[in-house]
Amino acid sequence: GQSLEQPSEVTAVEGAIVQINCTYQTSGFYGLSWYQQHDGGAPTFLSYNALDGLEETGRFSSFLSRSDSYGYLLLQELQMKDSASYFCAVNSPGVYNTDKLIFGTGTRLQVFP
Amino acid sequence: NAGVTQTPKFQVLKTGQSMTLQCAQDMNHEYMSWYRQDPGMGLRLIHYSVGAGITDQGEVPNGYNVSRSTTEDFPLRLLSAAPSQTSVYFCASSPRQGNNEQFFGPGTRLTVL
């Protein structure tokens with residue numbers, strides 16, 4: 001089976017730093033993705049890690065440890081607009097040597113003034 | 001580019017009715033997929049396709065059929081709607097195998113009475 005675990009909710013204040021953790025158990029693993037979804041909207045891609053280490057994109061960074069089956073999303077200098085749900089997703093083997101995305105249940109981030 | 005488009009935006013069905021959710025993309029992406037998202041939950045993969053004529057099942061395929069006759073279109077058919085299929089349905093596409101980034105459509109909100 002496949003499972004991903006994330007905290008259900010995280011709260012923080014503007015300007016702070018928050019880390020959203022994700023642990024996974026999957027049969028096959030290519031990489032870990034992160035998506036953001038605002039209420040009523042569609043998910044949008046944030047980052048992808050195939051190798052161990054930290055990937056930085058502006059205020060957002062994502063980390064992966066394949067040996068620990070663990071990753072996290074780090075959001076710095078939080079803004080009100082960062083209030084949203086954040087999903088980790090595992091890229092796992094699919095048909096014809098492609099991969100498919102299996103999503104976690106998401107972490108709702110609330111940023112307060 | 002319109003990106004990924006989905007129709008209809010909203011739909012109400014009665015139990016036992018059938019219908020097709022439409023998804024189209026104009027980015028010449030090979031990879032397309034369908035997800036459902038229940039309230040407060042993550043996205044669950046229903047079916048996906050890695051090119052015209054090639055589809056595979058995801059995590060929750062029962063009650064749904066797909067086909068991919070063109071690169072642009074990937075319709076999702078509900079054979080006999082059930083209340084358990086009440087959900088928001090998202091279609092997504094990706095430019096290549098090893099899809100590091102998926103582009104999501106705006107979603108279809110389906111209610112089955």
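1. Considering the overall build of chain A
Line of reasoning, step 1. The secondary structure content of chain A amounts to zero helices and eleven strands.
Line of reasoning, step 2. Of the regular secondary structure in chain A, the N- to C-terminal order runs β-β-β-β-β-β-β-β-β-β-β.
Line of reasoning, step 3. For chain A, the C-alpha radius of gyration of 14 Å lies close to 13 Å, the compact-globule estimate for 113 residues.
Line of reasoning, step 4. By its C-alpha atoms, chain A is 45 × 30 × 20 Å across when sized along the principal axes.
Line of reasoning, step 5. By the burial criterion, 48% of the 113 residues in chain A qualify as buried.
Line of reasoning, step 6. Of the contacts formed within chain A by residues at least 6 apart in sequence, a portion of 57% connects residues at least 24 apart.
Line of reasoning, step 7. Carbon and sulfur atoms make up 48% of the accessible area of chain A, which amounts to about 5,200 Å² in all.
Line of reasoning, step 8. Between the mean site of the 5 positive side-chain charges and the mean site of the 11 negative ones, chain A shows a separation of 6 Å.

2. Side note on the interface of chain B and chain A
Line of reasoning, step 1. Of the residues lining the interface, 24 residues belong to chain B; the matching set on chain A comes to 22 residues.
Line of reasoning, step 2. Interface area for chain B against chain A, summed over the two sides, is near 1,800 Å², with a carbon-plus-sulfur share of 60%.
Line of reasoning, step 3. The interface formed by chain B and chain A includes zero salt bridges.
Line of reasoning, step 4. Applying the counting criterion to the chain B and chain A interface returns two residue pairs in polar contact (both at pLDDT 80 or more).
Line of reasoning, step 5. Breaking the side of chain B that touches chain A down by element, the ones donating at least two residues are strand 4 (31–37), strand 5 (43–51) and strand 6 (54–57) of chain B.
Line of reasoning, step 6. Ranked by residue count, the leading element in the side of chain B that touches chain A is strand 5 of chain B, at four residues.
Line of reasoning, step 7. Taken together, the residues that form the side of chain B that touches chain A break down as eleven nonpolar, ten polar and three charged.

3. Topic: the environment of P39(B)
All names here are of chain B.
Line of reasoning, step 1. Mapped onto the elements of the fold, P39 is located in the loop between strand 4 and strand 5.
Line of reasoning, step 2. Given a relative accessible area of 78%, P39 falls into the exposed group.
Line of reasoning, step 3. Remark: the alpha-carbon pair of P39 and S87, spanning 48 residues in sequence, is separated by 7.6 Å.

4. Observations regarding the nonpolar core
Line of reasoning, step 1. Within the largest apolar cluster, 23 residues are counted, with the highest numbers of intra-cluster contacts made by L32(A), W34(A), L75(A), Y86(A) and L109(A).
Line of reasoning, step 2. Those elements that provide at least two residues to this core are strand 2 (9–13), strand 3 (18–25), strand 4 (31–37), strand 7 (60–65), strand 8 (70–75), strand 9 (84–93) and strand 11 (107–112) of chain A.
Line of reasoning, step 3. Aside from chain neighbours lying at most four places away, what touches Y86(A) is Q6(A), I20(A), Y35(A), Q36(A), L46(A), F60(A), L73(A), L75(A), G106(A), T107(A) and L109(A).
Line of reasoning, step 4. Within the second largest apolar cluster, 19 residues are counted, among which are M19(B), L76(B), A81(B) and L110(B).

5. Remarks on the sheet that holds strand 7 (residues 64–66) of chain B
The strands making up a sheet associate through backbone hydrogen bonding, with each pair oriented either parallel or antiparallel.
Residue and element names in this part refer to chain B.
Line of reasoning, step 1. Taken together, the four strands give an open sheet; going across it, the order is 1-3-8-7, and neighbouring strands pair in antiparallel fashion. Across the chains shown, the open sheet's two edge strands, defined by having one partner strand only, are strand 1 (4–7) and strand 7. Strand-to-strand twist in this sheet, taken as the mean axis angle between neighbours without regard to direction, amounts to 20°.
Line of reasoning, step 2. Across three bridges, strand 3 (residues 19–25) lies against strand 8 (residues 76–78) in antiparallel orientation. The residue of strand 8 that forms the bridge with L21 is L76.

Parameters and conventions
Sequence order sets the numbering: in each chain, residues are counted from 1 along the sequence as written. Working convention: letters from A go to chains and numbers from 1 go to ligands, in the order in which they are written. It should be noted that, the model being predicted, local features are given only for residues of pLDDT at least 70 and side-chain atom pairs only at 80 or more, the latter also being counted only at that level, while totals for whole chains, interfaces and linings use all residues. Side-chain measures here rest on the full set of heavy atoms in the structure, leaving out hydrogens and waters. Per the convention used, a helix needs a DSSP run of H or I reaching at least four residues, while a strand needs a run of E reaching at least two, with both numbered from the N terminus. Radius of gyration means the value over C-alpha atoms here, while the globule rule gives 2.2 Å times the residue count to the 0.38 power. Burial classification: accessible surface area is computed with a 1.4 Å probe over protein chains only, and a residue below 20% of its type maximum counts as buried, one above 50% as exposed, and the rest as partly exposed. Any two residues whose heavy atoms approach within 4.5 Å are treated as being in contact. Calculation of accessible area relied on Shrake-Rupley with a 1.4 Å probe; when residues are assessed, cover is drawn exclusively from the protein chains displayed. Only four residue types enter the charge count: Lys and Arg as positive, Asp and Glu as negative, with His and the chain ends excluded. Just so you know, the charge point we use is NZ for Lys, CZ for Arg, CG for Asp and CD for Glu. In short, buried area is how much 1.4 Å probe accessible area vanishes from two parts on joining, totalled over both. Counted as salt bridges are all cases of a side-chain nitrogen of Lys or Arg within 4 Å of a carboxyl oxygen of Asp or Glu. Whenever two N or O atoms come within 3.5 Å, that pair is a polar contact, provided that in protein one can donate a hydrogen and the other can accept it, and provided that, for residues adjacent in sequence, both atoms are side-chain atoms. Only Asp, Glu, Lys and Arg are considered charged in this grouping, and only Ala, Val, Leu, Ile, Met, Phe, Trp, Tyr, Cys and Pro are considered nonpolar; every other residue, Gly among them, is considered polar. Definition used in this section: a nonpolar core is a set of buried Ala, Val, Leu, Ile, Met, Phe, Trp, Tyr and Cys residues joined via side-chain atoms within 4.5 Å. At least two DSSP bridges between two strands are required for those strands to pair. Throughout, an axis means a line fitted to C-alpha atoms (over the contacting stretch in the case of helices), and angles, computed between N-to-C directions, take values from 0 to 180 degrees.

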